[in-house]
Structure formats: C-alpha cells, structure tokens
Amino acid sequence: MTKKPAAKTKPAKSASMPAMKAAKSPAIMGPMHPEFLKNEVLADIFRASVARAPKATAIVAPDRTLTYAEADKLSDQIAAELARRGAAPGKVVGLYFTRGVNLLLSQIAITKTGATWLPFDSETPKDRIATCLADCSAIALLVDEDVEDRVEALGHPVWSMSDAPFNQPLAKPFVAPKGHTPDHNAYLIYTSGSTGTPKGIAITHRNICHYLRASNSIFGITTKDLMFQGTSAAFDLSMEEIWVPYLAGAALWVVTPEVLADTEALPRRMRDAGVTAIDTVPTLLSMFAEDVPSLRVIIVGGEACPPSLVERFATKGRRLFNSYGPTEATVVATIAELKKGDAVTIGKPIPNYTAYVVDDNLQPVPAGTQGELLIGGPGIAVGYLGQPALTAQKFIPNPFVKNAPDPVLYRSGDAVALDENGNLLFQGRIDDQVKIRGFRVELGEIETAIAQEDKAIEHCAVVLRKDHGLDRLVAFIAARKDANPDIHGLREILRKRLPPYMVPAAFEIIAEVPRLTS
C-alpha cells in the first residue's frame, strides 16, 4: 500500500450514528461475484486440489519436495494425533515454527481437525507467546524440534513434532470431524494493543475461503505457478502467499531464513528455481540487486509501495499489484494493478467488498477530500477476542443502508481520499498506529512496556522515523530527576517481552517529552 505523510483527522465521535437519509449509497463497490461465497472450510479447498491433481507438486523446499498427495497424507498423520490430543472445532492450537515444510504441514493438519491455529513468528519472545495462549485459552502450542528449547517452562502444554505419534503412517485417511462449519474460526492473529496487551482477531473459514477466491480472480495464480513462500505465518499476508496457491493447485517455493537474509543472492536463486509469483512487502523487493525474469505476478502489501519499485518491476508481460487491507478485513480489502507511469494507489475494493470514505461524524466526504476508510464485505471479522467494548467501537452497523449486504463496517483508522479515477489514495493514519516490516504496531504498547520496565523513566514517546530511507522505531526518554535509565538493560528486557519488530532501534535521552497543554 502507498503511504503519504498523514494529515491528522479527528476520530469519529460516535459509533452509533443515525442512518443516512440519502437515497443513494455512498459505497465504493467491488465487483459482485456471489459464486465466490461458498459453504466451505479451508480443508475442503486443500483436498479439492489433492483430488484434481494428486501428483502435482505442492511444496518445494531445500530438504524435500512434496506432491499434493504426499502433503495430504503427511498432514493427515499430524491431524490424527492432534485430534487424539483434543484438537477439534472451537479449540485453539498455537503454531510456533521456523519457516519450512513442517510448518506448512502442521497448518494444514490443524485446519483438518477443525481447530483454530494461532501462529507465532519464530522470533516471538516466550512471555508474549504465553500471554496470547492464555488469552485465547489455547489447548497447547505445537512446535518443531528446532525451537522446542525456546519455550521451556512456558506454563502451557507444548507438543513437539519430533514426538513419534505425529509421524506414524495411518491405515486410512483422516476423516474430518462432524460439526465443523464455515463459521468456526480458521485462525487467530494477535496484533499490537494500545493498552500494552496484544489483541486477538478471529478470522472464520467463511471469511478466508471467500477471500482466496475473490483475490485470485484478480491475481490469476494457476497450476503452472511456483509461488515464493517467505512470509512469517504470524503475518496474515502469508495466507495469501500459501493458500491462494493451494486453491489454484500451484506449488510453493519455501525459503529458509538463511536464504531470505541473503538478499544479494536471493534473486538469482529465484531465477534458477523458476519462481513465477511473489507476494511480499515492498522493503524486501527493493533490496533485490537484480530483476527475476521468471516472475510474472508480483503482489506487494503491508507497507508503502514507492513509485521507484513500480518503475523497476512493472515490466512487459508481468503484472504488479499493490494490495491494502487490515487483518480485521481478512488479509486484503482493496487492490490496484500498477503500471509504469501510474500514480501509486491502493485501488478499489476486491469482489464483494465495499469501501466508504467518511468524516469524523461518519458522513461521506466528496472525492478528493481526506476521510477515514470504512470497509465492508464477507471478510469482516466478528471482532476482537474477549474485547466487546473495543469490538463495538471498531465494528459498527452500516449507517448508510438498511439490510445492506455489508451490514457491519470496520473502521480502519486509515486516512484516505478518492481520486478522479475512483481509486483510493492512502494518506496515513488518524491515530498513533504504524506499520513496520508489514506488522501493525500500536506505539502505546511499546511506550507502556518501556515505562513499566524502568522506574528511572519519567516519560517516554516512541515514533516511527525514516533514517537513510529505512523506517525504524525510535524511543525518546525523559528520566526522573537524578535518575539514569539503563538503556542497555531496557533493550534486553524488551527483547524478551516484545517481538523484534517492536523493539526500538534507537533510544534517545531528552530533557523532557514535548506535550500539548491539554
């Protein structure tokens, strides 16, 4: 998505505004495709591709390559043991792996049992894992043996994929449980919370299955594609990167953290492997030292897409998409196909989605005027797990049309404007939430953590600052009188409490944190 310096707008005064009297809806509509709304779950989508082409390649990794039939069989083994241990519809299983085949198989296995998976990045601190597991009452954390030692004494059951029962061949295929419906949660994503505690967003099978079909009607991933898979499972962009290929019957090219870190050699490796599609954040793409001629589809999202990237990668015979969407709207809500010379926008709503641009009274604003973006459609989540007040604040009844196909709208908190071509221009945030490395961060959560950990600190403020072309978090700290904050010790404590992307890259001591008179 594209990001310009944010012009602050006031938050809406009320989430329960009266319905508008205007006869015409102010909705910006995506194409209507009711055929994408199916009564299905993620396991149905995967098994359909297995049935169509069991011998087709599903996963290509440095250590092994699996066909769809092989991936189906191995994930059945894991699913059977998970089910024996209590995984079922309505239950949550944590997922803590480094990128690789076992992560992909375990994700498929959990969804086959009907349970909900809760993914964690492999660098997530143990304390944060424990907080999220407790918040959603997860029955266990499923781990690979290479990260098993990081969660010792977690305080929650830990199941290791190295346990023999997860690797036992089955006499017959695993049978999906009865009572598993599209309205069960497929996965949970925890995002940063302004109160200092992460908040859980539950996405149903109905939400995500519709999204896969709607988005691929635009992207056009086919059985012939080899999709780059390098995104953390804790980032919901990974659902697009992994499950759109499963839907299409395409193959995944799995990138290890070591290969991903070598950005100079990465384009050459992708070219040699014949990777045809990539879905990533613009930052990674901008680090490529050379083009990858085999790429025919490039999807970027999660952060600003600079025009220079379009000039480099929007070549003849290739399609470049800029995507935008909060987790609460299921991965992506709007998409723009970009070509050289085009203005960078976040485009228009995807099929069956709607968008509204409103002022602080939830009244529509004219084209060219900045307002808050409201999102509607089949991907809108039910709300935040166990937080009814916050849910009521952010997920509001459609105030424009009674009995609308988008009865609930998500207040994104993003400032946008509609251009003369009907495309949405992203213009920043209307609050202090930021995005870094594709992850949404509430600066207040970091500030709370800093204040709690060092009593020598009187006030602190964290900002997102661009240094030498790269976004990074900077903490400004004002110490108490005659006190000396231990910055080195504070940094180490934060690394144990917060994900790496939330730990400030720099700490600056100042005499006083500037404040408004209010």
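Refer to the preceding data block for the structure.
Let me sum up the structure you'll find in this document. The structure displayed is predicted, hence computed values, not measured ones. (Residues numbered from 1 in each chain as written. Predicted model: local features only at pLDDT ≥ 70, side-chain atom pairs only at ≥ 80, totals over all residues. Heavy atoms only, no water.)

## Topic: the pairing of strand β5 (residues 116–120)
Right, so step 1: Most of β5 is tucked away, with five of its five residues classed as buried.
Right, so step 2: Summarising the sheet, strand β4 (residues 92–96) and β5 pair through five bridges and their orientation is parallel. Counted as the bridge partner of V92 is T116 from β5.
Right, so step 3: Once you follow β4 into helix α3 (residues 101–113) and on to β5, the crossover reads as right-handed. (Buried < 20%, exposed > 50% of the residue type's maximum accessible area, 1.4 Å probe, protein only. Helix = DSSP H or I, 4+ residues; strand = E, 2+ residues; numbered from the N terminus. Pairing = 2+ DSSP bridges. Right-handed = clockwise from strand over helix to strand, strands pointing away.)

## Observations regarding the nonpolar core
Right, so step 1: In terms of nonpolar packing, the biggest core is built from 84 residues, with L142, I208, W243 and Y246 touching the most fellow members.
Right, so step 2: If we skip the residues at most four places from it in the chain, L142 touches L82, V93, G94, L95, Y96, F97, S106, I110, W159, M161 and F166.
Right, so step 3: Residues L266, F288, L338 and V441 belong to the second largest nonpolar core, which totals 52 residues. (Core = buried A, V, L, I, M, F, W, Y, C linked by side-chain atoms within 4.5 Å. Contact = heavy atoms within 4.5 Å.)

## Some words on the side chain of R128
Right, so step 1: Relative to the elements of secondary structure, R128 occurs in helix α4 (residues 126–135).
Right, so step 2: If we skip the residues at most four places from it in the chain, R128 touches T191, S192, P198, E445, R497, L498, P499 and M502.

## Considerations on the pattern of salt bridges
Right, so step 1: Enumeration over the complete set of coordinates arrives at 18 salt bridges.
Right, so step 2: A salt bridge links R85 to D163; the nearest nitrogen and oxygen atoms lie 3.5 Å apart. Taken as a pair, R85 in the loop between α2 (68–84) and β4 and D163 in the loop between β7 (158–160) and β8 (185–191) lie far apart in primary sequence, 78 residues in all.
Right, so step 3: With a shortest N-O distance of 3.2 Å, D291 and R318 are connected by a salt bridge. You can see D291 sitting in the loop between α9 (282–286) and β13 (297–300) and its partner R318 sitting in the loop between α10 (307–313) and β14 (319–324), a full 27 residues away along the chain.
Right, so step 4: Here the salt bridges share partners, and the residues they tie into one network are R47, D72, D76 and K112. (Salt bridge = Lys/Arg side-chain N within 4 Å of Asp/Glu carboxyl O.)

## Side note on the packing of α2 against α3
Right, so step 1: Close contact between α2 and α3 brings their axes to 8 Å; oriented N to C, the two are set at 55 degrees. Put simply, α2 runs oblique to α3. Pair α2 / α3 crosses with right-handed handedness. Contact residues: A71, D72, L74, S75, D76, I78, A79, L82 and A83 in α2; L105, S106, I108, A109, I110, K112 and T113 in α3. (Axes fitted to C-alpha atoms, helices over the stretch in contact; angles between N-to-C directions. Parallel < 35°, antiparallel > 145°, perpendicular 65-115°, else oblique. Left-handed = near helix turned anticlockwise from the far one by under 90°.)

## Overview of the packing of helix α1 (residues 42–52) against helix α6 (residues 237–248)
Right, so step 1: In contact at an axis separation of 7 Å, α1 and α6 are set at 45 degrees when each is read in the N-to-C sense. Between α1 and α6, the crossing angle belongs to the class labelled oblique. Contact residues: α1 offers L42, I45, F46, S49 and R52, while α6 offers M239, W243, Y246, L247 and A248.

## Regarding the packing of aromatic side chains
Each aromatic ring pair is specified by the distance between its two centres and by the angle formed by the two planes.
Right, so step 1: Here the structure, examined in full by the defined rule, presents twelve aromatic pairs.
Right, so step 2: A centroid spacing of 5.8 Å and a plane angle of 20 degrees characterise the contact between W117 and Y187, whose relative ring orientation is stacked. Remark: Y187 occurs in strand β8 and W117 occurs in strand β5; sequence separation between them is 70 residues.
Right, so step 3: Taking the relative accessible area as the measure of exposure, W117 reaches 1% and is therefore buried.
Right, so step 4: According to the relative accessible area criterion, Y187 is buried, its value standing at 1%.
Right, so step 5: Note on W243 and Y246: the rings are 4.8 Å apart at their centroids and 85 degrees apart in plane angle, and the pair reads as edge-to-face. Of this pair, W243 and Y246 both sit in helix α6, three residues apart, which is roughly one turn of that helix.
Right, so step 6: Here a set of aromatic residues connected by ring pairs shows up, and it is made of F46, Y68, W117, Y187, W243 and Y246. (Phe/Tyr/Trp six-rings, centres within 6.5 Å; stacked < 30°, edge-to-face > 60°.)

## Examining the pairing of strand β15 (residues 334–338)
Right, so step 1: The element β15 is extensively covered by neighbouring structure, given that four of its five residues are classed as buried.
Right, so step 2: As defined by bridge partners, β14 adjoins β15 across five bridges and the pair is classed as antiparallel. Across the sheet, F321 pairs through a bridge with E337, a residue of β15.
Right, so step 3: As paired elements, β15 and strand β16 (residues 348–349) share two bridges and run antiparallel to each other. By the bridge assignment, I335 is partnered in β16 with K348.

## A word on α2
Right, so step 1: In this model α2 runs 24 Å from its N-terminal to its C-terminal C-alpha over 17 residues, within 8% of the 24 Å that 1.5 Å per residue would give.
Right, so step 2: Residues of α2 that are buried include every one of Y68, A71, D72, S75, D76, Q77, I78, A79, E81 and L82, and no others. (Expected span 1.5 Å × (residues − 1).)

## Things to note about the sheet that holds strand β26 (residues 506–509)
Right, so step 1: Taken together, three strands build an open sheet; the order of strands is β24-β25-β26 and the sheet is mixed. Every interior strand has two partners, whereas the edge strands, β24 (457–467) and β26, have only one. Strand-to-strand twist in this sheet, taken as the mean axis angle between neighbours without regard to direction, amounts to 25 degrees.
Right, so step 2: When strand β25 (residues 470–479) meets β26, the two strands line up parallel, connected through four bridges. Its bridge partner being in β26, V474 is matched across the sheet by A506.
Right, so step 3: Lying over the sheet, helix α13 (residues 487–497) contacts β24, β25 and β26, oriented at roughly 145 degrees with respect to β26.

## What to know about unusual backbone geometry
Right, so step 1: The phi dihedral of A153 is positive, around 55 degrees, even though this residue is not glycine.
Right, so step 2: Exposure remark for A153: the relative accessible area of 78% places this residue in the exposed category.
Right, so step 3: Despite not being glycine, T330 has its phi angle at roughly 65 degrees, a positive value.
Right, so step 4: Looking at where T330 falls in the secondary structure, it is placed in the loop between β14 and β15.
Right, so step 5: On the basis of relative accessible area, T330 is assigned to the buried category, the value being 0%.

## A short note on the environment of T334
Right, so step 1: Secondary-structure assignment places T334 in strand β15.
Right, so step 2: The buried category is assigned to T334, whose relative accessible area is 2%.
Right, so step 3: C-alpha separation for the pair T334 and I350, spaced 16 residues apart in sequence, amounts to 5.4 Å.
Right, so step 4: If we skip the residues at most four places from it in the chain, T334 touches N322, S323, Y324, I346, G347, K348, P349, I350 and L424.

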